[in-house]
Amino acid sequence: MTFCIALRLARAERSIERVVALVGRRGFEVVGVDAVLDGQGRHFVVKLTLESERSADVLLRQLGRLAEVEDVGYGDRPRRIPR
């Protein structure tokens, strides 16, 4: 199954690398990455295209626990994470 998730990350050293590493460790294959800085240059907006037979619900919760992840969700738009 192929699906997309979107994240908004604080601009921090190796933040995108940490996200991609977590995704891989959880058994999801990254087949596409699109990352840009927001207009203010403080956050990355990242869209990942993933393949897996696993449900992404647990993955989204795990990504939301990373300190630099501010928003995460399915599709093209990240959603605010309640903390």
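Our subject is the structure that appears above.
Residues numbered from 1 in each chain as written. Predicted model: local features only at pLDDT ≥ 70, side-chain atom pairs only at ≥ 80, totals over all residues. Heavy atoms only, no water.

### Some points on the overall build of the protein chain
Then, number 1: The number of helices and strands found in the protein chain is two helices and four strands.
Then, number 2: Tracing the protein chain from N to C terminus, the helices and strands come up as β-α-β-β-α-β.
Then, number 3: For 83 residues, the compact-globule formula gives about 12 Å, and the C-alpha radius of gyration of the protein chain, at 12 Å, lands near that figure.
Then, number 4: C-alpha atoms of the protein chain, sized along the principal axes, occupy 35 × 25 × 20 Å.
Then, number 5: Of the roughly 5100 Å² of accessible surface on the protein chain, 49% is carried by carbon and sulfur atoms. (Helix = DSSP H or I, 4+ residues; strand = E, 2+ residues; numbered from the N terminus. Rg over C-alpha atoms; globule rule 2.2 N^0.38 Å. Areas by Shrake-Rupley, 256 points an atom, 1.4 Å probe, with all protein chains shown as cover.)

### Regarding the environment of Leu63
Then, number 1: You can see Leu63 is positioned in helix H2 (residues 57-64).
Then, number 2: Not counting residues up to four positions away in its chain, the partners in contact with Leu63 are Ile5, Leu7, Val19, Leu22, Val23, Val69 and Val72. (Contact = heavy atoms within 4.5 Å.)

### Describing the packing of aromatic side chains
Then, number 1: Under the criterion given, the structure shown has one aromatic pair.
Then, number 2: Seen from their ring centres, Phe3 and Phe28 are 6.0 Å apart, and the 85° between their planes marks the pair as edge-to-face. Pair noted here: Phe3 is in strand S1 (residues 2-10) and Phe28 is in the loop between helix H1 (15-25) and strand S2 (29-37), with a separation of 25 residues, a long-range link. Take Phe3 and Phe28: they sit in the same class, and that class is buried. (Phe/Tyr/Trp six-rings, centres within 6.5 Å; stacked < 30°, edge-to-face > 60°. Buried < 20%, exposed > 50% of the residue type's maximum accessible area, 1.4 Å probe, protein only.)

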